[in-house]
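In case you want the letters, here they are:
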Amino acid sequence: MEQIELDDSVLRLEKGVLHLVWNHGVRIEAGNARAAVDAVNRLANGRKLPLLVDMAATGFLSRRAREVFEEPCAASRIALLGESPVDRTVVQYQLHTSKVPCPTMFFTSRLEALGWLAEASTAEGTSVSAAV
């Protein structure tokens, strides 16, 4: 397993899936959003890989951070992992009002999110283990 520790998050590559876990209560602004996207690109090392983003414990996501996340990166598809119906509502609104760079879905179940990422990878001819 490869890992990059950032100030506000940890990114790891495990079994063909990039996992970005934001620290509890973090405010996601343009600067730490940019650092996360750059880390995704660095760890992917020229490949397109599925990305699981654990954003359940985040405190705030700025408009400028959303703009950074609209830029294409090494993610082939993105599963956003939250905790509650409120998280789902906020994310669904943002997904409908933003340009997403690749297929992106919200989940409250880690296993469902990993399954969705694995489905796409299988269809694209790459291997991902959903049992992470």
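Presented here is a report on the structure given in the accompanying data block. Chains are numbered independently. Their residues run from 1 in the order of the written sequence. For this predicted model, a pLDDT threshold of at least 70 governs which residues receive local features, and a threshold of 80 or more governs which side-chain atom pairs are given and counted, while totals over whole chains, interfaces and linings are taken from all residues. Where side-chain values are given, they derive from all heavy atoms of the structure, hydrogens and water being excluded.

**Observations concerning the overall build of the chain**
Segments assigned H or I by DSSP are reported as helices when at least four residues long, segments assigned E as strands when at least two residues long, and all are numbered from the N terminus. When you go through the chain residue by residue, the secondary structure sums to 4 helices and 8 strands. The C-alpha radius of gyration computed for the chain amounts to 14 Å, which stays within 12% of the reference 14 Å derived for 132 residues, consistent with globular compactness. Its C-alpha atoms give the chain principal-axis dimensions of about 35 × 30 × 25 Å. Within the chain, the fraction of its 132 residues that count as buried is 43%. Here, two residues are considered to be in contact whenever any of their heavy atoms come within 4.5 Å of each other. For the chain, the proportion of contacts with a sequence separation of at least 24, taken over those separated by at least 6, is 74%. Accessible areas in this description were obtained via Shrake-Rupley with a 1.4 Å probe; residue shielding takes into account the shown protein chains only. Summed over all atoms, the accessible surface of the chain reaches about 7,000 Å², with 53% contributed by carbon and sulfur. Put simply, the chain has 14 plus and 16 minus side-chain charges, and the middle of one group is 4 Å from the middle of the other. Two things to know: the radius of gyration comes from C-alpha atoms, and the globule rule equals 2.2 Å times the number of residues to the power 0.38. Remark: exposure states derive from per-residue accessible area (1.4 Å probe, protein chains only) relative to the maximum for the residue type, with buried under 20%, exposed over 50%, and partly exposed in between. A residue counts as positive if it is Lys or Arg and as negative if it is Asp or Glu; His and the chain ends are not included. Charge placement uses NZ in Lys and CZ in Arg. For Asp and Glu, CG and CD serve respectively.

**A look at the layout of surface pockets**
Each cavity reported here is a set of points on a 1 Å grid over the protein atoms alone in which a 1.4 Å probe fits but cannot get out, each pocket an open set with protein on both sides within 12 Å along at least five of seven lines, and each lining residue one with an atom within 4 Å of a point. Grid points are joined across faces, edges and corners, and a volume is the space filled by probe spheres set on the points. Here the largest pocket is characterised by a volume of approximately 640 Å³. In this structure, the largest pocket is lined by 31 residues; those nearest its centre are Met55, Leu61, Phe69, Leu80 and Gln94. No other element matches the 5 residues that helix H3 (residues 85-97) contributes to the lining of the largest pocket. Residue composition of the lining of the largest pocket, by class: 21 nonpolar, 5 polar and 5 charged. Residues are sorted three ways: Asp, Glu, Lys and Arg are charged, Ala, Val, Leu, Ile, Met, Phe, Trp, Tyr, Cys and Pro are nonpolar, and all the rest, Gly among them, are polar.

**Examining the packing of aromatic side chains**
Put simply, two rings from Phe, Tyr or Trp (the six-membered ring, in Trp's case) pair if the centres are within 6.5 Å, and we call them stacked under 30 degrees between planes, edge-to-face over 60, tilted for the rest. Evaluated as defined, the whole model comprises 1 aromatic pair. For the pair phenylalanine 107 and tryptophan 116, a centre-to-centre distance of 5.7 Å together with 45° between the ring planes defines the contact as tilted. What makes phenylalanine 107 buried here is its relative accessible area of 8%. Whether a charge lies above a ring is judged from NZ of Lys or CZ of Arg, which has to be within 6 Å of the ring centre and within 35 degrees of the ring normal. We note arginine 27 situated over the ring of phenylalanine 60; from NZ or CZ to the ring centre the distance is 4.1 Å. For the cation-ring pair, arginine 77 lies above tryptophan 116, with the distance from its terminal atom to the ring centre recorded as 3.9 Å.

**A word on the nonpolar core**
Ranked by size, the top nonpolar core spans 30 residues in total, and within it Leu11, Leu18, Trp22, Leu51 and Val53 carry the most contacts. Those elements that provide at least two residues to this core are strand E2 (9-14), strand E3 (17-22), helix H1 (30-44), strand E5 (49-54), helix H2 (63-69), strand E7 (75-81) and H3. The leading source of residues in this core is H1, at 7 residues. In this structure, valine 53 is in contact with Leu20, Trp22, Ile78, Ala79, Leu80 and Leu81, ignoring residues within four places of it in sequence. Nine residue types can take part in a nonpolar core, namely buried Ala, Val, Leu, Ile, Met, Phe, Trp, Tyr and Cys, and a core is a set of them joined through side-chain atoms within 4.5 Å. Residues Val17, Leu52, Ala79 and Leu117 belong to the second largest nonpolar core, which totals 9 residues.

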